[in-house]
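The chain contents come next:
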Amino acid sequence: MARRKEVVVSALQFACSDDVASNVDTAERLVRSAHEKGANIILIQELFEGYYFCQTQKEDFFQRAKPYKDHPTILRMQKLAKELGVVIPVSFFEEANNAHYNSIAIIDADGTDLGIYRKSHIPDGPGYQEKFYFNPGDTGFKVFQTKFAKIGVAICWDQWFPEAARAMVLQGAELLFYPTAIGSEPQDEGLDSRDHWKRVMQGHAGANLVPLIASNRIGKEVIQTEHGKSSITFYGNSFIAGPTGKIITVANDKEEAILVAEFDLDQIKSKRHSWGIFRDRRPDLYKVLLTLDGSNPSS
């Protein structure tokens, strides 16, 4: 009988302080706990080294960025990944000469750094003013061959774009990972995107027949702005969805969590092939995606 390609994935969820050492300690503690639960690939939330500083435009916050090479948190996670034999995507604020990126380094189970992905879609709205800090990513959508699976990793706002998920799966991604920082909307207390956020990503999983892992933070974070204090209450709800989009396990909106799920990737691959969605694609008809935009359908 052929050997089954099984993998155990995990999504972590915790509240961040604004102290790097404390947050990295928390991340390591939860990674160790996920490993004890059998996890092979462990996802930490977006920009977990501190508060989500993009609530305001403040030049002092650029001091939080560090170069990719010899980044202390990445080096620490390389050591941890090698010790435990797990894969860890590591989100960080990257300084690259005069450019800055919202980036993620993919650490393999032997501690090898497989490279980085730079966030492609950069939001700009009340409470989420990322365009002030981050250049649009220049890596393109990528997949990484890890010890346990070929994975695609995108970041937060990327998760609203089905093109990103499809691009990664077309390159062979067997699992999709999305580290995230999302919660309340400072300009509209009545707006709650939590369920919308989950449904969109469930659609990516179902449309591509691949499992999807999303990690979000919790807690209320208050940032001093030029107009007073701004706060976001992050709604957690980290989750793992199966290849039909069904949520297998989900966290709540207040508690630290370690989610774990196991998948047979060979079985999922057979289902994906038999379903026919990639066989029946029509790239010749999709050229319209390169010529039309939402503002001018006749362009």
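Residues numbered from 1 in each chain as written. Predicted model: local features only at pLDDT ≥ 70, side-chain atom pairs only at ≥ 80, totals over all residues. Heavy atoms only, no water.

### Topic: the overall build of the protein
A tally of helices and strands in the protein yields six helices and 16 strands. The C-alpha radius of gyration computed for the protein amounts to 19 Å, which stays within 12% of the reference 19 Å derived for 299 residues, consistent with globular compactness. Taken across its 299 residues, the protein has 51% of its residues classed as buried. Across the protein, the fraction of contacts at a sequence separation of at least 24, relative to all contacts at a separation of at least 6, is 69%. Distance between charge centroids for the protein: 6 Å, based on 35 positive and 39 negative side chains. (Helix = DSSP H or I, 4+ residues; strand = E, 2+ residues; numbered from the N terminus. Rg over C-alpha atoms; globule rule 2.2 N^0.38 Å. Buried < 20%, exposed > 50% of the residue type's maximum accessible area, 1.4 Å probe, protein only. Contact = heavy atoms within 4.5 Å. Lys, Arg positive; Asp, Glu negative; His and termini not counted. Charge placed at Lys NZ, Arg CZ, Asp CG, Glu CD.)

### So, the packing of aromatic side chains
By the definition in use, this model includes 18 aromatic pairs. Ring centres of Tyr-52 and Tyr-128 lie 5.6 Å apart, and the angle between their planes is 45°; on these two criteria the pair is classed as tilted. With Tyr-52 in the loop between β2 (41–43) and α2 (72–84) and Tyr-128 in strand β7 (residues 128–129), this pair connects stretches of sequence that are 76 residues apart. When sorted by exposure, Tyr-52 lands in the same class as Tyr-128, which is buried. Taken together, a centroid distance of 6.0 Å and an interplanar angle of 20° make the contact between Tyr-68 and Phe-92 stacked. One end of the pair, Tyr-68, is in the loop between β2 and α2; the other, Phe-92, is in strand β3 (residues 88–96), and 24 residues separate them in sequence. What makes Tyr-68 partly exposed here is its relative accessible area of 24%. For Phe-92, a relative accessible area of 1% gives the class buried. Cluster of aromatic residues (ring-pair linked, three or more members): Phe-53, Phe-61, Phe-62, Phe-93, Phe-132, Tyr-133 and Phe-134. Residue placement shows Arg-118 over the ring face of Tyr-101; its charged tip is 4.0 Å from the ring centre. (Phe/Tyr/Trp six-rings, centres within 6.5 Å; stacked < 30°, edge-to-face > 60°. Lys NZ or Arg CZ within 6 Å of the ring centre and 35° of its normal.)

### Remarks on the UniProt feature "domain: CN hydrolase" (unreviewed entry) in the protein
The sites that UniProt annotates as "domain: CN hydrolase" (unreviewed entry) are residues 7–265. Overall, residues 7–265 shows 21% helix and 33% strand. The separation of its end C-alpha atoms is 7 Å. (UniProt positions renumbered as here; feature names shortened; annotations may be inferred.)

### Some details on the nonpolar core
By size, the foremost hydrophobic cluster in this structure holds 62 residues, and its most contacted members are Val-9, Ile-41, Ile-151, Leu-175, Leu-176, Phe-177 and Phe-263. When residues no more than four places from it in sequence are discounted, the contact partners of Ile-151 are Ile-41, Val-87, Ile-106, Lys-142, Val-143, Phe-144, Thr-146, Ala-173, Leu-175 and Phe-177. Phe-14, Phe-48, Phe-92 and Ala-105 belong to the second-largest nonpolar core, a separate cluster that totals 25 residues. (Core = buried A, V, L, I, M, F, W, Y, C linked by side-chain atoms within 4.5 Å.)

### Quick word on the pattern of salt bridges
Per the stated rule, a full pass over the model turns up 17 salt bridges. Two residues, Asp-18 and Arg-64, come together in a salt bridge whose shortest N-O distance is 2.8 Å. On the criterion of sequence distance, the pair formed by Asp-18 in the loop between β1 (6–13) and α1 (20–36) and Arg-64 in the loop between β2 and α2 is long-range, its members being 46 residues apart. The structure contains a network of salt bridges with shared partners spanning Asp-25, Glu-28, Arg-32, Arg-76 and Glu-83. (Salt bridge = Lys/Arg side-chain N within 4 Å of Asp/Glu carboxyl O.)

### Here we look at the sheet that holds strand β5 (residues 113–118)
The strand order across the open sheet built from three strands is β3-β4-β5, with neighbouring strands paired in antiparallel fashion. Of all strands in the sheet, those with a lone pairing partner are β3 and β5, marking the two edges. On average, adjacent strands in this sheet sit at an angle of 30° to one another, irrespective of strand direction. With nine bridges joining them, β3 and strand β4 (residues 99–107) adopt antiparallel strand pairing. Looking across to β4, one finds that Pro-89 is bridged to Ile-106. With respect to the sheet, α2 is in contact with β3, β4 and β5, its orientation differing from that of β3 by roughly 160°. (Pairing = 2+ DSSP bridges. Axes fitted to C-alpha atoms, helices over the stretch in contact; angles between N-to-C directions.)

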